[in-house]
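Reading the structure
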Number of protein chains: 2
Amino acid sequence: MNRADQDACRAWQLLMKFFFAQRGHLPASGAEFDLSPIQCHVLHLIEPGRPLPMSRLADTLSCDASNVTGLVDRLESRGLVRRRPSPRDRRVKVLHLTPTGARLRARLLRQMAGRSLPLSRLSLDQQRTLVKILEALVDEK
Amino acid sequence: MNRADQDACRAWQLLMKFFFAQRGHLPASGAEFDLSPIQCHVLHLIEPGRPLPMSRLADTLSCDASNVTGLVDRLESRGLVRRRPSPRDRRVKVLHLTPTGARLRARLLRQMAGRSLPLSRLSLDQQRTLVKILEALVDEK
DNA sequence: AATATATAGTTGACTTTATCAACTATATGC
DNA sequence: GCATATAGTTGATAAAGTCAACTATATATT
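The following refers to the structure shown. Within every chain, residues take consecutive numbers counted from 1 along the sequence as written. Whichever chain is written first is A, and whichever ligand is written first is 1; the rest continue in order. Local features in a predicted model are, by the rule used here, given only for residues with pLDDT of at least 70; side-chain atom pairs are given and counted only at 80 or more, and totals for whole chains, interfaces and linings are based on all residues. Note that the side-chain values use all heavy atoms of the structure and ignore hydrogens as well as water.

Throughout this document, a residue counts as near a molecule or strand when at least one of its heavy atoms sits within 4 Å of that molecule or strand. The full set close to DNA strand C counts 23 residues, and Arg23, Ser55 and Arg83 of chain A together with Ser36 and Ser66 of chain B are the nearest of them. Taking the atoms of DNA strand C that fall within 4 Å of the protein, sugar and phosphate contribute 68% of them. Polar contact is the term for a pair of N or O atoms within 3.5 Å; when the atoms are in protein, one must be able to donate a hydrogen and the other to accept it, and sequence-neighboring residues count only if both atoms are side-chain atoms. One of the side-chain nitrogen or oxygen atoms of Arg91 of chain A is found 2.8 Å away from a base oxygen of DNA strand C. Helix and strand assignments come from DSSP, with helices taken as H or I runs of at least 4 residues and strands as E runs of at least 2, each series counted from the N terminus. Broken down by element, the surface near DNA strand C gets its largest block of residues, four residues, from helix H4 (residues 65-77) of chain B.

To continue, consider the interface of chain B and chain A. The contact rule is simple, with two residues in contact once any of their heavy atoms fall within 4.5 Å. Chain B puts 55 residues into the contact, and the matching count from chain A is 51 residues. A quick way to say it: buried area is the sum, across both parts, of accessible area lost when two parts are put together, with a 1.4 Å probe. Summing the contributions of chain B and of chain A, the shared interface buries around 5700 Å²; its carbon and sulfur component is 73%. A carboxyl oxygen of Asp or Glu within 4 Å of a side-chain nitrogen of Lys or Arg is what we treat as a salt bridge. Here chain B and chain A share zero salt bridges between them. For the pair chain B and chain A, the number of links is two residue pairs in polar contact (both at pLDDT 80 or more). Examining the composition of the side of chain B that touches chain A, we find that 22 residues originate from one element, helix H1 (residues 3-33) of chain B, more than from any other. Put simply, Ala, Val, Leu, Ile, Met, Phe, Trp, Tyr, Cys and Pro go in the nonpolar bin, Asp, Glu, Lys and Arg in the charged bin, and everything else, Gly too, in the polar bin. Residue composition of the side of chain B that touches chain A, by class: 32 nonpolar, eleven polar and twelve charged.

This part covers the sheet that holds strand E1 (residues 52-53) of chain B. All names here are of chain B. At least two DSSP bridges between two strands are needed for those strands to be called paired. The antiparallel open sheet is built from three strands, whose spatial order is E1-E3-E2. The sheet terminates laterally at E1 and strand E2 (81-85), the two strands that pair on one side only. Packed onto the sheet, H4 meets E2 and strand E3 (93-97) and runs at close to 120 degrees relative to E2. Where helices are involved, their axes are fitted lines through C-alpha atoms of the stretch in contact, as for all axes, and angles between N-to-C directions lie from 0 to 180°.

With that out of the way, let us pick up the protein's contact with DNA strand D. Ser36, Ser66 and Arg74 of chain A together with Ser55 and Arg83 of chain B are the nearest of the 23 residues found near DNA strand D. Within 4 Å of the protein, the contacting atoms of DNA strand D are 67% sugar and phosphate, with bases supplying the remainder. The backbone of Met54 of chain B places a nitrogen or oxygen atom 3.3 Å from a phosphate oxygen of DNA strand D. Between DNA strand D and the protein, one listed contact pairs a phosphate oxygen with a side-chain N or O atom of Arg83 of chain B at 2.4 Å. Elements supplying a minimum of two residues to the surface near DNA strand D: helix H2 (37-45) and helix H4 (65-77) of chain A together with helix H3 (54-61) and H4 of chain B.

A few words now on the sheet that holds strand E2 (residues 81-85) of chain A. All names here are of chain A. Taken in spatial order, the three strands of this open sheet run E1-E3-E2, and their pairing is antiparallel. Edge positions in the open sheet fall to strand E1 (52-53) and E2, since each of these has one partner strand only. Helix-sheet contacts for H4 involve E2 and strand E3 (93-97), and the interaxial angle to E2 is about 120 degrees.

Below is the structure:
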């Protein structure tokens, strides 16, 4: 294994660790919101006023479409999210937050950004560098 | 929400995105090894010659001990891992890799390093910075 | 236009992941 | 010795995840 591979390996291992460590912090907020880590993430991905097709969600989560059906079922039954048929393509259903969902999402974000988050260990500089690197990685625009 | 919170939020969102994107690459290898993402991670955490108490595993994964029982059951039934009573404390069971498990782990690491292509988008400098920042995040060392 | 093919989402059967409460066995503190 | 804490298992249960089969729309080809 060459040097670059080692870095890649290491980064992956650290990400996994981060993910699970982060998960450990969620229950503290989760007790309040009663959301699983994945539900948090889904809520996070649906930005207010920016409806998200279910297929895109499956894509982002790298999971089967039928799994998304279940995830959305549970969120919808709690009144956080709603499905709407797309006017452009009637096969597509887009997800949008209900007012309750948007409120919960906002509270959730505040919590996550708050001191329960290990991210606060980083300096502002580091946080910005991290964001830049991750943006390059995820190839967002 | 202030500026620092926004950065933290953004970083978190990107980390989660990256994590799931990365996870999407696993099944490709998983098809070969038939390991779930979590099983991969557990195998990753048990370093050869460095037996791991089950309680520490539960700790690292931030999950209930009974969950670890199941995870280890499945890995053990496939001959990748074995439980051994600790000589110091007879309540404790330490996990160690079987030769098969060690071999699989090595192949897995090679695969993951090869497949985590997005990392190759980064310069070597950026890769190292990322590793450093992630280390600070998970508070290793 | 008619037919073929591809895509979005759901359903049903099934496995894995995860939690909680209750239990066994061992350690540790007084 | 007795109380209390800790490590791990078991059983019940729910959520997360996959796959194959299905419905309904879209799009592409002839």
